[in-house]
Amino acid sequence: MNSAKDNTLNGWKIHHKGMLKDDMRRSFLSNLTYNLGKDSRTSSLYDQYLSFAYAIRERLIEQWILTQRYYHKANVKRTAYLSLEYLPGRLLEMNCINIGIHETSRQMIHELGLNFEQIVHEEPDAGLGNGGLGRLASCFMDSMATLQIPAIGYGIRYQYGIFKQQIAGFRQREVPEEWLQIINPWEIERPEYRVRIKFGGTVDHAPEASLRAPAQWNDTEDVIAMPYDMPVAGFQNTTVNTLRLWSANSTNELDLQEFNRGDYAKACDSKIESESISKVLYPSDNTPAGKELRLKQEYFFTSASLQDIIRRFRQDNGDDFGLFPEKVSIHLNETHPALAIPELMRLFVDEYHLEWDTARGIVTKVFAYTNHTLMPEALEKWPVKMIESLLPRHMEIIYEINDDFLKTVIGRYPHDTARMRRMSIIEEGYERHVRMAHLAIVGSHSVNGVAALHSQLMQQGIFRDFNEMSPDIFNNKTNGITPRRWIYKCNPLLTDLVSRTIGNEWITDFSHLKELAGYAGDAAVHEQWELVKRKNKERLADILYRWEGFSVDPHMIFDIQIKRIHEYKRQFLNILHCIALYEGIRSGQITDAVPRTVMFAGKAAPGYYMAKLIIELINRVAYTINKDKKTKKYLQVHFIPNYRVSLAEYLIPAADISEQISTAGTEASGTGNMKFALNGALTIGTMDGANIEMREEVGKDNIFIFGLTADEVRTLKARGYNPQLYYDTSEPLKQAFDLIEKGYFCPEDPHHFDPLCHSITDGGDPFVIMADFESYMNCHRRITTAYLDTVQWNRMSILNTANMAKFSSDRTIREYARDIWGIDAIPVPEEE
Ligand code: 26Q
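Residues numbered from 1 in each chain as written. Predicted model: local features only at pLDDT ≥ 70, side-chain atom pairs only at ≥ 80, totals over all residues. Heavy atoms only, no water.

Enquirer: What is the right way to look at the overall build of the protein in this model?
Expert: Secondary structure assignment for the protein yields 33 helices and 27 strands. At 28 Å, the protein has a C-alpha radius of gyration in line with the 28 Å of a compact globule built from 832 residues. Counting only C-alpha atoms, the protein reaches 85 × 75 × 60 Å along its principal axes. Of all 832 residues assigned to the protein, the portion counted as buried reaches 61%. In the protein, the proportion of contacts linking residues at least 24 apart, taken out of those at least 6 apart, comes to 77%. Entry remark: accessible area of the protein is about 32,100 Å², with carbon and sulfur atoms responsible for 50%. Averaging the positions of the 94 positive and the 110 negative side-chain charges in the protein gives two centres separated by 2 Å. (Helix = DSSP H or I, 4+ residues; strand = E, 2+ residues; numbered from the N terminus. Rg over C-alpha atoms; globule rule 2.2 N^0.38 Å. Buried < 20%, exposed > 50% of the residue type's maximum accessible area, 1.4 Å probe, protein only. Contact = heavy atoms within 4.5 Å. Areas by Shrake-Rupley, 256 points an atom, 1.4 Å probe, with all protein chains shown as cover. Lys, Arg positive; Asp, Glu negative; His and termini not counted. Charge placed at Lys NZ, Arg CZ, Asp CG, Glu CD.)

Below, the structure is given as C-alpha cells:
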C-alpha cells in the first residue's frame, strides 16, 4: 500500500500517492495552490489544515475503493451498524496515524516552517453524538476496520451536532455548533445512492386481504436521503471501511407543484420542513426526547440504511432473499433504529412480495440489539397515534408482529394475562404506546448488555419476562475503547515509554500490554512514568491557561470527573465532598490536606433542570473556593466548559484520579473509566458498570472502591431509606450540606439551590448520595494517603495501564463478530 509507484484502477492509470516526505510535501503544496489558491505565505491555518487533510485523504481513497471492490467481489457477509450517534472527534491526526504517515507528515509540516499542532487544531470535532453511546459507536468503527471486519456504519449527517457549551454567570449556555459551515474534507457526497423515504399517507389493501399480504402505501410525503461517505481506516492495514451518513433533502416535485401554483412561501416551507430532519442532533443522553421530529429522524435513517443494504445485497445475490442472513447482519445501537424491524418486514412483504412468515424468519436472524441503559425513563416509547399518522403501514406490521409474539407467550404461559400485558410491544393505558425495546427484542436473535453487571440486571430487571422465555438470546458484551485514540494518539509520551519498556507489539496486539506488570517495581520505569504524568499535566495546564484563562498547578493532584451531567452519575456527591474538604481545611479540622485540583467537565441536556443546576453549583462553589487565600494552596475546583472528544484527549492523560462514582446499578458500563485507567490514573469508583470488571483485572488493591453495592442499594430502598439519618450522623456531610442550603455559595439568592438540597432530603435521595457520602470521603482519604507514597502510587498506576488489555474495543468487537454477527476478518489484498 505504501509503495510509491504507478498503478491502474478501473483501467485508468492513476498515480499511486507516495508515502515519503517529498511526496507528502508535493501533495500538500499542490492542494494549497491548486485547490485553495494560496501559497505558503498567504495561507491561513485553515488553508493549511484543509490542504493537509486533502493530502491525507488522497492517500486513503485508493485503498478505500479497493476495500469496497474486494468486499463485493468476494461477496462477503457484512455487518451494518445502525446508530443515531457517532462521536469520531478530530480525524486528521488519527488518519495520519492509521495510514502510517504521522511522523513523516509532522516533519514535512515542520520543515515548511509551519506549526503542526496549530494546524490539526483547526479541525472541528465531529460532534454527532451525546456521550457514551456515540463514542462507543466510533470506537467500534475503528476496531472493525483494524480487525478487517467488513462493516458499514450508518447514521445521520446532522448539520448541527451537539451544542457548544459556554459558561456565563456560572450557568450553562447552549450555542449552536454548525460544524459544516466549514468544509468537511472527510466526506464524499454520493448522489447515485440517494433513496426516497416516505412519511404519512394511507395504506391500501386488496379487498379482504390480510394485513400480512402485500399492501400499497400511497399519498405519502416524501423526503430524499442523500448519503455522505466517510472513510474509516484500519490501523496500519489495508482495510478502509465506510461510515455512511444520511442527509435529508426535499423532493423537488412537491414544492415545484406549489411553486407553479404561485404559493412560493409554501414551496419553501415544505423544503425547509423535509430538510429539518437531519438539521439537529437531539441533545438528550439517557433522557427522553419525545418529539415527533426525533421519531422522523429514527425512521429516516433506518429506512435509508435498509434500502441501501438491500440494494447492495441484490447487486451481489439477486432476489434470493433466503441468502440474506448469510450475507447481512444488522446491529441496533440502542432502540433508536428499532423501526428497522418493521421496515425490513415492509420491504420484504410489500416491495419484494415475500410471504409474511418467510420474511419474519429472515428478519430475526438478521437483527441484534444492544441495550445501553437501565434508566426507566430512557427506555424509548412512542404514542401509537404518532406512529399511525407518520408510518401507518409500520403500525399495522407492528400489530401483526405483536400478535404472533403474544400467541407464543400465551402458548408458553397459558392464562397468564398479566405476563402478556407486561410483555406486549404495545403498552396499554390512557394513551397507547409502542415499547421500542420490546420491539427490538422480539425482532432480534441477540440482545446484549454492555458490562457483566448491566447484562445481569437487565436480564433480572427490565427484561426479566423475556429472559425467562428465551434465555438463549441474552448475552453480555463488555464495552471497550480503541487504544489507537485513547493512548497512542492522546498520550504519545506514555506510548513511547511503554514501547521502550516492553517493545511495540502491544500496539497491534493489546494482550502484550500485561508485560508491563513485570516493571511495576522497576525504579527506572517509575522515574520515567512519573515524568510522563508530570509532562501531561503541564500540557493540560498550558492548554487550560490558553483556552480558558485559568491556571492549574501540575504539582497538585489532578482529580477529574468528566462525563454528561446526570443525577445518577453523582457529580453532586463529588462537589459535596469538595465543600466538606474546603470547610475542613478552612476550619483547621483537616491539617494534613494534600494539595489537589478537582476538575469537572460535561454537558447537561438543555431541558434537564437538575443537571443544569448541578453545573451552576459546581461553578459557584469553584468561584468561592478558588478565591479563598486560606485554602488556595490545598484545594482548587474548576469546571471546564464544552467537554468533547478533543478536550478529553488532553484531560485523560493528565489525570491522577478518575471519578467513576455513579450509584451502583445505574451506569450501564462507562467507558471513560477505561480510558483513565489505561492512561495510568487510579479510579475512585463504585461497584457499578465496568468498574467491577476493571477491579477484577487490576486487583482490588489497585482501585479505590467505595459505597453500597447494587444489591445493597436495592435492599436499603426496600427497607425504607431515610437520608436524614446519614445527615444527622456525619458532621462533614452536615456542614457541607448546610453551607449550600444556607446560601453560602449564592448570597444574592440563598434559596437558589433548594431543589438540589430537597432532592437528597425530602425528595428521598433516589441516588443515595447521603448514604454513600461517608464511604466516599473515607475512600478519598485512603487515596490521598496512597498518593503520598510515591513508589506505591507509581506501582499502582503502572498496574492499571498494564491490566487494561481486556478493555480494548478490539476484544469487544471480536466477541460481537464471533458470537453475534457470525463474521470473520477479511484481509483486503494490497492490490488486485
Ligand atoms: C431515550 C428516549 C427517547 C429518545 C432518546 C433516548 C435516549 C438517548 C440517548 C436514550 C439513551 C441515550 C444514551 C445512552 C447512553 O449513552 N448510554 C451509555 O452507553 C455507554 C456505552 O454503552 C455506556 O458506557 C454508559 O454507561 C451508558 O450510560
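Enquirer: Explain the sheet that holds strand β26 (residues 682–685) to me, please; I cannot follow it from the model alone.
Expert: Across the sheet, which stays open at both edges, the six strands sit in the order β24-β23-β22-β25-β26-β27 with parallel pairing between neighbours. Looking at the sheet topology across the chains shown, the edges are occupied by β24 (635–639) and β27 (704–705). Where strand β23 (residues 596–601) meets β24, five bridges bridge the pair, whose relative direction is parallel. Within β24, the residue paired with V598 across the bridge is V637. The strands touched by helix α32 (residues 790–802) are β25 (657–660), β26 and β27; relative to β26, the strand with the most contacts, the crossing angle is about 85°. (Pairing = 2+ DSSP bridges. Axes fitted to C-alpha atoms, helices over the stretch in contact; angles between N-to-C directions.)

Enquirer: Whenever I open this one, the side chain of H577 confuses me. Can you help?
Expert: In this fold, H577 is placed in helix α22 (residues 571–587). With relative accessibility at 3%, the residue H577 sits in the buried group. Excluding residues that lie within four positions of it along the chain, H577 makes contacts with F773, Y776, M777 and H780.

Enquirer: How should the site of the ligand be read in this particular structure?
Expert: Taken together, 22 residues form the shell around the ligand, and within it H372, N479, E667, S669 and G670 come nearest. Computed on the free molecule, the ligand has an accessible area of 610 Å², of which 97% lies beneath the protein chains in the complex. In terms of residue count, helix α6 (residues 132–146) provides more of the shell around the ligand than any other element does, three residues in total. The residue makeup of the shell around the ligand, split by class, is eight nonpolar, 10 polar and four charged. (Near = heavy atom within 4 Å. Nonpolar A, V, L, I, M, F, W, Y, C, P; charged D, E, K, R; others polar.)

Enquirer: Any chance you could explain the pattern of salt bridges here in plain terms?
Expert: Here the idea is simple: oppositely charged side chains can pair when their charged atoms come close. Taken as a whole and assessed by the stated rule, the structure comprises 57 salt bridges. Residue E117 pairs with R106 through a salt bridge whose shortest N-O separation is 3.6 Å. One end of the pair, E117, is in helix α5 (residues 116–120); the other, R106, is in helix α4 (residues 102–111), with 11 residues separating them in the sequence. For E117, a relative accessible area of 37% gives the class partly exposed. Note that R546 is salt-bridged to D542, the shortest N-O span being 3.1 Å. With R546 and D542 both in helix α21 (residues 523–548) and four residues apart, this pair spans about one turn of that helix. (Salt bridge = Lys/Arg side-chain N within 4 Å of Asp/Glu carboxyl O.)

Enquirer: What am I meant to see in the nonpolar core here?
Expert: Among the nonpolar cores identified, the biggest contains 136 residues, and F52, F300, F324 and F348 are the most heavily contacted of them. Counting 65 residues, the second-largest nonpolar core is a separate cluster that includes L635, L716, F753 and I783. (Core = buried A, V, L, I, M, F, W, Y, C linked by side-chain atoms within 4.5 Å.)

Enquirer: What's the story with the pairing of strand β20 (residues 446–449) in this structure? I'm lost.
Expert: Neither face of β20 is left uncovered, since the one carrying S446 and N448 and the one carrying V447 and G449 both have all their residues buried. In terms of strand pairing, strand β16 (residues 367–370) meets β20 through three bridges, oriented parallel. Note on β20: the bridge partner recorded for T370 is N448. Where β20 meets strand β21 (residues 474–476), three bridges bridge the pair, whose relative direction is parallel. Its bridge partner being in β21, G449 is matched across the sheet by N476.

Enquirer: Quick question: what am I supposed to make of the state of the cysteines here?
Expert: Simply put, disulfide is the name for a covalent bond between the sulfur atoms of two cysteines. Inspection of every chain in the model, using the stated rule, returns zero disulfides. As a non-bridged cysteine, C139 has C490 as the owner of its nearest cysteine sulfur, 11 Å distant. Unpaired in terms of disulfides, C746 finds its nearest cysteine sulfur in C757, a separation of 11 Å. We classify C746 as buried; its relative accessible area is 3%. (Disulfide = S-S within 2.5 Å.)

Enquirer: Please explain the environment of L374 as it appears in this structure.
Expert: For L374, the location among the structural elements is in the loop between β16 and β17 (381–383). For L374, a relative accessible area of 13% gives the class buried. Spatially, the C-alpha atoms of L374 and K17 are 49 Å apart, while their sequence positions differ by 357 residues. Setting aside chain neighbours within four positions, we find L374 in contact with H454, L457, M458, I462 and G665.

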